[in-house]
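Here are the chains, one letter per residue:
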Amino acid sequence: METPKMREAILSKARQEAQILIDEAKSKAGEVVGKAQEQWERRLEAEKKRLLSESRREAARIIAQADLKARQEILKEKDSIIREMIGKVKERLTGNTSETSTLERLITEAVDAFESDQALKIMASGKDIKRVREIVAASPVLKDRITGVSEAACMGGVICESVDGKVSVDNTYDTRLQMLIPRILPQVGKVLFGEHER
């Protein structure tokens, strides 16, 4: 008689203990699931941030490359325009006969560069030789000092040289243009492209 009551009491206690264990297990499982959910959300957020950061870096790299390429293209075009302009200047200098006053000044500068009164020879472009000979013949100072006038491969101007060829003064358009171009390119850039000095 006591046995069924005892059995019932034992079963009831076992059920209560089992329920307590189940409740504790559910609670712990809930905590574990909550922590796992939080950890998953943190990892997801970290992965989002990492991917977003990588995407921003890649976008910045692509923009920088595109900007660099655009600048290179612009510089290439500017260089092409300037080279074309210089080519036209050279073409004009090569095609036109130098004015007498210009040749006189170039000859005088070249001759005056020699500190002694030694005999000299002058070389000029083929298109200017006749005029150079006329200038030398018309000047008593040059006539006595210049021993000969010959042709040089240049756009214009003159090369004055000692008779022995050891000393020469290059006063050709070619050399003057070479010296002038680096100095005027910033100004040309400002005029052509509206660039300001930095």
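Residues numbered from 1 in each chain as written. Predicted model: local features only at pLDDT ≥ 70, side-chain atom pairs only at ≥ 80, totals over all residues. Heavy atoms only, no water.

1. Re the overall build of the protein
Defined as follows: The helix and strand labels rest on DSSP assignments: H or I over at least four residues marks a helix, E over at least two residues marks a strand, and numbering proceeds from the N terminus. We take the radius of gyration over the C-alpha atoms and set the globule estimate at 2.2 Å times the residue count to the 0.38 power. When a residue's accessible area, from a 1.4 Å probe over protein chains only, is under 20% of the maximum for its type it is buried; when over 50% it is exposed; and in between it is partly exposed.
A count of helical and extended segments in the protein gives five helices and four strands. Along the chain direction, N to C, the helices and strands of the protein fall in the order α-α-β-α-α-β-β-β-α. Taken against the 2.2 N^0.38 rule, which gives 16 Å for 198 residues, the C-alpha radius of gyration of the protein at 47 Å runs more than 25% over that of a compact globule. Counting only C-alpha atoms, the protein reaches 160 × 30 × 25 Å along its principal axes. In the protein, which comprises 198 residues, the share counted as buried stands at 22%.

2. Some remarks on the packing of helix 2 (residues 100-112) against helix 3 (residues 129-138)
Where we set the bar: Lines fitted to C-alpha atoms define the axes here, with helix axes fitted over just the stretch in contact, and angles between the N-to-C directions of these axes take values from 0 to 180 degrees. Any angle between 65 and 115 degrees counts as roughly perpendicular, while under 35 counts as roughly parallel, over 145 as roughly antiparallel, and the rest as oblique. In this scheme, a crossing is called left-handed if the near helix is turned counterclockwise away from the far one by less than a right angle; it is called right-handed if the turn is clockwise. Contact criterion: two residues are considered in contact whenever any of their non-hydrogen atoms come within 4.5 Å of each other.
Direction vectors running N to C along helix 2 and helix 3 enclose 65°, while the axes themselves pass 10 Å from each other. Viewed along their axes, helix 2 and helix 3 adopt a mutual orientation that is roughly perpendicular. Helix 2 and helix 3 meet at a crossing whose hand is right-handed. Note on element contacts: helix 3 touches helix 2 through Arg131, Val132 and Ile135, opposite Thr100, Leu103, Glu104 and Ile107.

3. Digging into the pattern of salt bridges
Here is the rule: Salt bridge, as used here, is a side-chain nitrogen of Lys or Arg placed within 4 Å of a carboxyl oxygen of Asp or Glu.
Counted by the stated rule, this structure contains 13 salt bridges. The partner of Glu161 in a salt bridge is Lys121, with the nearest N and O atoms 3.4 Å apart. Of the two residues, Glu161 sits in strand 3 (residues 157-162) while Lys121 sits in strand 1 (residues 120-124), which places them 40 residues apart along the sequence. You can call Glu161 buried: its relative accessible area is 16%. Under the relative-accessibility criterion, Lys121 is labelled partly exposed at 27%.

4. Points about the pairing of strand 3
For the record, the criterion: For two strands to be treated as a pair, DSSP must find no fewer than two bridges joining them.
Among the six residues in strand 3, six count as buried, and that is most of the element. Residues Gly157, Ile159 and Glu161 of strand 3 are buried on one face, and the alternating residues Val158, Cys160 and Ser162, pointing to the opposite face, are buried as well. In the sheet, strand 1 pairs with strand 3 via five bridges, with the strands oriented antiparallel. When the sheet's bridge partners are listed, Leu120 is paired in strand 3 with Ser162. In terms of strand pairing, strand 3 meets strand 4 (residues 168-172) through five bridges, oriented antiparallel. If you follow Gly157 over to strand 4, its bridge partner there is Thr172. Connecting the antiparallel pair strand 3 and strand 4 is a turn made up of five residues, with Gly165 showing a positive phi of about 80°.

5. Here we look at helix 5 (residues 173-193)
The cut-off we apply is this: The span you would expect from a helix comes to 1.5 Å times its residue count less one. The reported bend at a residue is simply the angle between two axes, fitted to the 7 residues ending at it and to the 7 residues beginning with it.
For helix 5, spanning 21 residues, the distance from its first C-alpha to its last is only 26 Å, which falls clearly below the expected 30 Å at 1.5 Å a residue. Helix geometry: helix 5 is bent most strongly at Ile184, by close to 50°, with proline Pro186 lying one to four residues after it. Turning to helix 5, its buried residues number three or more, namely Tyr173, Thr175, Leu177, Ile181, Val188 and Gly189.

6. Brief notes about the confidence of the model for the protein
Using the following cut-off: Scored from 0 to 100, pLDDT records how confident the predictor is in each individual residue.
When pLDDT is averaged across the protein, the result is 86; 97% of the residues are at 70 or more. Least confident of the elements in the protein is helix 5, whose mean pLDDT is 84; most confident is strand 1, at 95.

7. Comments concerning the side chain of Thr172
Here Thr172 shows up in strand 4. Exposure remark for Thr172: the relative accessible area of 2% places this residue in the buried category. Look past the residues within four positions of Thr172 in its chain and what remains in contact with it is Cys154, Gly156, Gly157, Val158 and Ile159.

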